[in-house]
Amino acid sequence: MTRILAVDDSPSMRQMVGVTLKSAGYEVLEACDGQEALNLAKGQAAVDLVITDVNMPNMDGITLVRELRALPHYRGVPLLVLTTEASAEKKMEGKAAGATGWVVKPFSPDRLLATIARIVA
Amino acid sequence: MEKTGQSTEAAQAVAASVAQIELAVREVQPSVEALGLLIDQLSSGLGALRTARRRNDNPDVVAVFPDEFDRAVDKLQKQVNGSIMHLQFYDRLVQHLKHVQDYLSGTAGELASHSMCDPADAEVWNSMRERLRTRLISQAQRQLLDAMLPPPEGFNVNSEQARAECATQGSVELF
């Protein structure tokens, strides 16, 4: 089963992402900020995709992407940013850090699932 | 009333407003969590219905209305997906209010600790305004701020240009 790590400091957002992913049969791991996600990753948690918010306490999503890309076992893992940040500048920052894609909230469940299917195929 | 006294009163009024916003967000949280749980349960229920439909795909039992069943399940799924989208606006609201709260808290702090005639204050106010503007999450929010509290140096980016630089809500871009 494809396993996805969803990272967001908002419980309701984690819940909505989780509901969407589980409805399509994905297994979902959750982390409430970048630091917790990085700890999971460093603890050898194997995932097929990471979906992360940008603005979070302790460690933001862009830093998380950069840190994950530095881990040998995460170099090939798709990292999707799901955020309210819509500026071109932030998006370029995410791309430079190693993000695979950028989705602006509020997300459409259908579009998110179609995007994920493309990425993890 | 003296200027310092007015500043203290203003600081207290702003701080009280921040506390009210905090309370309003906290009070509505349990209902939003319950709504999220309801959406989760509806989605799980729909998954169970689909599984049951496949498992009991006996023509004698369901062949009379299979299309209606599938259509009804698909329609419910669309409604669940719509609920997921709409609930995300609550998250945006909370973020928006948090940024405004931080700005107001900074304002209250400045009012309480500074004399209003100090020229160095202008930099502090501008810095606080710029921090809020950076953290706002939509072009509409930034335009409202610019209209109500224009930047001292004037606009360096027109609204059309700013809009063009921002992605649309719900947009997806793969790199």
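Computed from a predicted structure; not experimentally measured.

Reading the values: the criteria
- Residues numbered from 1 in each chain as written.
- Chains lettered and ligands numbered in written order.
- Predicted model: local features only at pLDDT ≥ 70, side-chain atom pairs only at ≥ 80, totals over all residues.
- Heavy atoms only, no water.
- Helix = DSSP H or I, 4+ residues; strand = E, 2+ residues; numbered from the N terminus.
- Buried < 20%, exposed > 50% of the residue type's maximum accessible area, 1.4 Å probe, protein only.
- Contact = heavy atoms within 4.5 Å.
- Areas by Shrake-Rupley, 256 points an atom, 1.4 Å probe, with all protein chains shown as cover.
- Axes fitted to C-alpha atoms, helices over the stretch in contact; angles between N-to-C directions.
- Parallel < 35°, antiparallel > 145°, perpendicular 65-115°, else oblique.
- Left-handed = near helix turned anticlockwise from the far one by under 90°.
- Buried area = accessible area lost by both parts, 1.4 Å probe.
- Salt bridge = Lys/Arg side-chain N within 4 Å of Asp/Glu carboxyl O.
- Polar contact = N/O pair within 3.5 Å; in protein donor to acceptor, adjacent residues only side chain to side chain.
- Nonpolar A, V, L, I, M, F, W, Y, C, P; charged D, E, K, R; others polar.
- Pairing = 2+ DSSP bridges.
- pLDDT = per-residue confidence, 0-100.
- Core = buried A, V, L, I, M, F, W, Y, C linked by side-chain atoms within 4.5 Å.

1. Structural notes on the overall build of chain B
Within chain B, the secondary structure is distributed over six helices and one strand. Going from the N terminus to the C terminus, chain B shows its helices and strands as α-α-α-α-α-α-β. Expressed as a percentage of the 175 residues in chain B, the buried residues total 27%. Within chain B, contacts between residues at least 6 apart in sequence are counted, and of these 63% link residues at least 24 apart. Entry remark: accessible area of chain B is about 11,200 Å², with carbon and sulfur atoms responsible for 59%.

2. Some remarks on the packing of helix α1 (residues 11–23) of chain A against helix α3 (residues 66–113) of chain B
Where α1 of chain A contacts α3 of chain B, the axes come no closer than 9 Å and their chain directions differ by 160 degrees. When the axis of α1 of chain A is compared with that of α3 of chain B, the two are roughly antiparallel. Of the two possible hands of crossing, α1 of chain A and α3 of chain B adopt the one that is left-handed. Within the contact between the two elements, α1 of chain A uses Ser 12, Met 13, Met 16, Val 19 and Thr 20 of chain A and α3 of chain B uses Ile 84, Leu 87, Gln 88, Tyr 90 and Asp 91 of chain B.

3. A few points about the interface of chain A and chain B
Facing the 31 residues of chain A at the interface are 28 residues of chain B. The junction of chain A with chain B conceals about 2,900 Å² of combined surface from both sides, 59% of it contributed by carbon and sulfur atoms. When the area that chain A buries against chain B is broken down by residue, the three leading residues are Met 16, Thr 84 and Pro 106 of chain A, summing to 21%. Linking chain A to chain B there are two salt bridges. Here Glu 173 of chain B ties to Lys 91 of chain A by a salt bridge, and the two come within 2.6 Å at their closest N and O atoms. Remark: the boundary between chain A and chain B carries eight residue pairs in polar contact (both at pLDDT 80 or more). Looking at the side of chain A that touches chain B, the element that brings in the most residues is α1 of chain A, giving seven residues. Class assignment for the residues of the side of chain A that touches chain B results in 14 nonpolar, eleven polar and six charged. Pairing of strand β5 (residues 101–104) of chain A with strand β1 (residues 172–174) of chain B involves three bridges; the strand directions are antiparallel.

4. Overview of the confidence of the model for chain B
Per-residue confidence for chain B gives a mean pLDDT of 80, with 78% of residues at or over 70. Mean pLDDT in chain B bottoms out at helix α6 (residues 159–165) of chain B, which sits at 52, and peaks at α3 of chain B, which reaches 89.

5. Re the nonpolar core
Among the nonpolar cores identified, the biggest contains 28 residues, and Leu 21, Ile 51, Leu 80, Phe 107 and Ile 116 of chain A are the most heavily contacted of them. Breaking this core down by element, the ones donating at least two residues are β1 (3–7), α1, β3 (49–52), β4 (79–83) and α5 (109–120) of chain A together with α1 (3–55) and α3 of chain B. Those residues within four positions of Ile 116 of chain A in sequence are excluded, and the remaining contacts are Ile 4, Leu 21, Tyr 26, Leu 49, Ile 51 and Leu 80 of chain A. With 25 residues, the next largest nonpolar core counts Val 7, Val 54, Leu 64 and Val 77 of chain A among its residues.

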